[in-house]
Amino acid sequence: DLKQFCTNHNVPLEVHSFSDDYGKPLQEMVSHSTRIPCSICGVLRRNSLNKYGRNFDVIATGHNLDDEAQSIIMNQFRNNILASARLGPKTGVGGQKEFTQRIKPLYFCTEKEVATYAFLKGLISKFNECTYCEESYRFEIRDLLNEVEKKYPGTKHGIIKSFLEILPLMKEGYSKTKIKYCKKCKEPCSQPDLICQKC
């Protein structure tokens, strides 16, 4: 368990919840909304990372090769090239003070490798999936990629390698993208009406 690990290794640990930050647990927000759970959870998690991350030089996330391959394919299917330009082992499109630099140390490790290591080291005792995974577009893409990977081994690595070849061009193309801000909370915002998804 994470708390025990941090205690054993003298690592400072802060825990923040949706209830503390937004006044309600995720389950309650989902039950009162017509939006899919991922759109609520993802928006609020990213907002919290931005908020608490400003105290640090860099944020390391646990994203792995499977996560990244899924994101690449989702962005392709949705024609969201700007979102893809922000991906990679070092995220963002360059030097934006509004965001703490994020890195993905497990970028080239598969989900299976990460889970196996965590089991062997006693960091987890079981693999939990999101309660709402059945309703998620990401999990449909995950299952699709797993099927293709089973039939054609190396597919996910191929997606990542080819993506990394074109990523510098994408980052360069979007490096001058001007950040806009939410009219209500003054946080970065990509919505046309300048009211961020959190607000």
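Residues numbered from 1 in each chain as written. Predicted model: local features only at pLDDT ≥ 70, side-chain atom pairs only at ≥ 80, totals over all residues. Heavy atoms only, no water.

A. Up close: unusual backbone geometry. Phi angles above zero are rare outside glycine, and N10 is one such case at about 55 degrees. Note on placement: N10 falls in the loop between α1 (2-8) and α2 (18-22). Of the residues examined, N10 reaches a relative accessible area of 70% and is grouped as exposed. Phi at N79 takes a positive value of approximately 55 degrees, unusual for a residue other than glycine. (Helix = DSSP H or I, 4+ residues; strand = E, 2+ residues; numbered from the N terminus. Buried < 20%, exposed > 50% of the residue type's maximum accessible area, 1.4 Å probe, protein only.)

B. Fine view of the nonpolar core. Of all hydrophobic cores here, the largest spans 15 residues; its most connected members are I72, L145, I159, I160 and F163. Listing elements by their share of this core, those giving two or more residues are α5 (65-77), α8 (137-151) and α9 (155-174). If sequence neighbours within four positions are ignored, I72 has contacts with S84, L87, I159, I160 and F163. With 8 residues, the next largest nonpolar core counts L26, I40, C41 and L44 among its residues. (Core = buried A, V, L, I, M, F, W, Y, C linked by side-chain atoms within 4.5 Å. Contact = heavy atoms within 4.5 Å.)

C. Region of interest: the pattern of salt bridges. Scanning the model with the defined rule gives 5 salt bridges in all. Between D66 and K156 there is a salt bridge, with the nearest N and O atoms lying 2.6 Å from each other. A residue pair is termed long-range when its members are at least 10 positions apart, and D66 in helix α5 and K156 in helix α9 qualify at 90 residues. Of the two residues examined, D66 and K156, each falls in the buried class. For the salt bridge of D143 with R142, the shortest nitrogen-to-oxygen distance reads 3.0 Å. Residue classification places D143 among the partly exposed positions, given a relative accessible area of 39%. The exposure class of R142 is buried, given its relative accessible area of 15%. (Salt bridge = Lys/Arg side-chain N within 4 Å of Asp/Glu carboxyl O.)

D. Geometry of the packing of aromatic side chains. One pass over the full model with this rule turns up 2 aromatic pairs. Ring centres of Y107 and F108 lie 5.0 Å apart, and the angle between their planes is 80 degrees; on these two criteria the pair is classed as edge-to-face. (Phe/Tyr/Trp six-rings, centres within 6.5 Å; stacked < 30°, edge-to-face > 60°.)

E. Spatial organisation of the environment of P188. Secondary-structure assignment places P188 in strand β4 (residues 188-189). Considered as a pair, P188 and S48 are 140 residues apart in the sequence and their alpha carbons are 13 Å apart. Those residues within four positions of P188 in sequence are excluded, and the remaining contacts are R54, E98, F99, I179, K180, Y181 and C196.

F. Examining the packing of α8 against α9 more closely. It is the contact of α8 with α9, at a shortest axis distance of 8 Å, that shows an interaxial angle of 110 degrees. Comparing their axes, α9 and α8 come out roughly perpendicular. On the side of α8, the interface is formed by L145, N146, V148 and E149, while α9 contributes T155, K156 and I159. When grouped by side-chain class, the residues that make up the contact of α8 with α9 number 3 nonpolar, 2 polar and 2 charged. (Axes fitted to C-alpha atoms, helices over the stretch in contact; angles between N-to-C directions. Parallel < 35°, antiparallel > 145°, perpendicular 65-115°, else oblique. Nonpolar A, V, L, I, M, F, W, Y, C, P; charged D, E, K, R; others polar.)

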